[in-house]
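Listed below are the residues making up each chain.
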Amino acid sequence: MFLFVFLVLLMVSRVETAFYGVVYTYSYLDLQESGYLAINTEKLSFSSCEEYDSFVCSVNCSGQLVFAVDESSGEWCQKESLLVLPNASLTTFNIPVSYTNWTENRNGIELSAADVQFELRNRSDINKPNSSPRTNILPLVRVPSNCQRNINLLVSDPDGDEVRCRYAAGVECHTCTPPSVLTVSPSCTLSFSPTNSSAEGPYAVQLAIEDFPRQPITLTNESNSQEVITTSNSISKIPVQFVFRVDPAAPSCTEGVYLPRFLPPTPENGAQIYTDVNQTVQINVRAEATQAVITELLFSGPNNVAKSSSGSGNFTLTWTPDVFHGGLSHTFCFVVQANSSISVYQSDLRCVFVTTRSITTTPTPPTTVANLTTTATLTPSFTTTPPPTTTTQQTTTTATTTLSSTIPNSTLDPGPFYVLALNAKISTTLSLKNNTEAIMQQIKDELIRRGLPSDIVLKLINSVELEVTTT
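A brief structural summary. The structure displayed is predicted, hence computed values, not measured ones. Per chain, the residues get numbers from 1 upward, laid out in the order the sequence is written. Predicted model: local features are reported for residues with pLDDT of at least 70 only, side-chain atom pairs are reported and counted for 80 or more only, and whole-chain, interface and lining totals are derived from all residues. Computation of side-chain values covers all heavy atoms of the structure but excludes hydrogens and water.

### Some remarks on the overall build of the chain
Threshold: Starting at the N terminus, helices and strands are each numbered in turn, a helix being any DSSP run of H or I of at least four residues and a strand any DSSP run of E of at least two. Only protein chains enter the accessibility calculation, which uses a 1.4 Å probe; a residue whose area is less than 20% of its type maximum is buried, one above 50% is exposed, and one in between is partly exposed. Throughout, a residue-residue contact means that at least one pair of heavy atoms, one from each residue, lies within 4.5 Å. Accessibility throughout is a Shrake-Rupley quantity obtained with a 1.4 Å probe, and a residue counts as covered only by protein chains that appear here.
Looking only at helices and strands, one finds two helices and 30 strands in the chain. Put simply, the chain has 471 residues, and 53% of those count as buried. Sequence separation of 24 or more characterises 73% of the internal contacts of the chain that already satisfy a separation of 6 or more. Accessible surface, the chain as shown: approximately 20,500 Å² in total, 49% of it carbon and sulfur.

Here's what the structure looks like:
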């Protein structure tokens, strides 16, 4: 029996945490001599930064491609992990994922789950693999129960596709009950209408965001097999999940009284800001609330954004994009928060695009490739040159595995960083379903024997079993 396995080596622990949501995106940069480079980003939010580190990094995230985004003390912490990989194959697949238990919520969702649909086949309209839709959201959005509020998700697509939003369903969530107080439109507007005090409290919001071509396109895999996708077929899918809290009624819903109101020079929602790689950009935010005290700016954006304050109601976000941010529109979202007695009030959610122009030649991270010719005992031989394109014959005794390690050579310091992916075809009589731990341990032991650190943890991302019989 052949087991086709895609593994990502991440530091993972199994601890009880309070989950506050996820935003996942993947993008393909322009073609380089070594192929396409895929940039995968996963923003995860928990009730504290320590909980993030425990779940993702087995307590210590130093030396890994994990970056703090922002936190609201005592409520949530958001960090971003970055995975930089060469395009291993022109294919399509989905990855179901689960994290930890959701923070307490009114719609009764306990276990977290999400689903990412990757479309990596070559597109006929742009002559490269697809990039997912892009958007962003804070881990916690709050509104008084007596105030109308529309949350307009700022969505974009690097390939120019139409982006649509809906509530998650089926395998996209463990329990899929949507918030009773919030509706979502295909155009990605979340609407809240005033409600009574019995509906106050936090709700888990689980969205699926998909891209659709604006005209029929042809997708071609590495075997030159083709599929036509029409405007009614989604191409890829990403999860967007967060917490929506309905707070007690405010004395007034007028912006600028209790609820902070944005003032110039704060950019308008949907504003476009342009910059270049290694060129610093600043976003100035100013707000007022006459009957409340403005306490902080909360935001979500790309990694390495610095936040500062120059007095009550005056804030600045400062960011210098690196080469891996080039050629993409990055979504910055922010709110200003204010306190009055024991009450907490948020402004409207405001989001802007910061587009980083491409540079002529995007530096490609050095890649070390290992060819593994495996039997059931996993005995690999190593080389430091990329393998030629070959055709692997399926047998019941041997298989070919490619292990690639990418080390980004950019401003993401300190380093070096090692993020490894293993795409393996394993010949064994064992069942992956019934012998997962034994198979994973065998792979780990062999990787450690061949020089990888002993504290690595293997995470199984996706697998397919094909039973091969001989006559």
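Still more ground to cover, so stick around.
### Some thoughts on the sheet that holds strand 15 (residues 217-220)
Inclusion rule: Two strands are counted as paired when DSSP detects at least two bridges linking them.
Taken together, the three strands give an open sheet; going across it, the order is 8-15-16, and neighbouring strands pair in antiparallel fashion. One side of each edge strand has no neighbouring strand; the edge strands of this open sheet are strand 8 (122-123) and strand 16 (226-229). Here strand 15 runs beside strand 16; their pairing, made up of four bridges, is antiparallel. Directly across from Thr 220, in strand 16, lies its bridge partner Gln 226.

### Thoughts on the sheet that holds strand 10 (residues 149-152)
Test applied: Lines fitted to the C-alpha atoms define the axes, with helices restricted to the stretch that makes contact. Angles between their N-to-C directions range from 0 to 180 degrees.
If you walk across this open sheet you meet the three strands as 10-13-12, and the pairing is antiparallel. Each edge of the open sheet carries a strand with a single partner, namely strand 10 and strand 12 (182-184). Here the strands of the sheet are splayed against their neighbours by 20 degrees on average, with no regard to which way each runs. Bridging between strand 12 and strand 13 (residues 189-192) involves three bridges; their strand directions are antiparallel. Across the sheet, the residue bridging to Thr 183 is Ser 191, located in strand 13.

### Some words on the side chain of Thr 316
The cut-off we apply is this: A 3.5 Å cut-off defines polar contacts: any pair of N or O atoms within that distance qualifies, except that in protein one atom must be a possible hydrogen donor and the other a possible acceptor, and neighbouring residues in sequence count only when both atoms are side-chain atoms.
Secondary-structure assignment places Thr 316 in strand 23 (residues 314-319). Within the structure, Thr 316 has its side chain in polar contact with the side chain of Asn 284 (distance 3.1 Å).

### Here we look at the state of the cysteines
This is how it is decided: Disulfides are defined as cysteine sulfur pairs within 2.5 Å.
In this structure the tally under the stated criterion is six disulfides. Linked covalently through their sulfurs, Cys 49 and Cys 77 form a disulfide whose S-S length is 2.1 Å. Judged by the sign of its S-S torsion, about 95 degrees, the bond between Cys 49 and Cys 77 is right-handed. Placement of the pair is Cys 49 in helix 1 (residues 49-57) and Cys 77 in strand 5 (residues 76-86), with a sequence separation of 28 residues. In this model, Cys 333 is linked to Cys 351 through a disulfide, with the two sulfur atoms separated by 2.1 Å. Taking the sign of the torsion about the S-S bond as the criterion, the disulfide between Cys 333 and Cys 351, at about 110 degrees, is right-handed. Of the two residues, Cys 333 is situated in strand 24 (residues 328-340) and Cys 351 in strand 26 (residues 350-357); the sequence distance between them amounts to 18 residues. The exposure classification of Cys 333 matches that of Cys 351, with both residues buried. Look at the chain and number its bonded cysteines as they come in the sequence; the links are 1-4, 2-3, 5-10, 6-9, 7-8, 11-12.

### Structural notes on the packing of aromatic side chains
Applicable threshold: Note on aromatic pairs: the rings of Phe, Tyr and Trp (six-membered ring only in Trp) are paired at centre separations within 6.5 Å, and the planes decide the class, stacked below 30 degrees, edge-to-face beyond 60, tilted for the rest.
Under the counting rule described, the total for this entry stands at 13 aromatic pairs. Centroid distance Trp 319 to Phe 332: 5.5 Å. Interplanar angle 65 degrees. Geometry classified as edge-to-face. Pair noted here: Trp 319 is in strand 23 and Phe 332 is in strand 24, with a separation of 13 residues, a long-range link. Side by side, Trp 319 and Phe 332 carry an identical accessibility label, which is buried. Aromatic ring contacts, followed pair by pair, group Phe 19, Phe 46, Tyr 52, Phe 55, Tyr 99 and Trp 102 into a single cluster.

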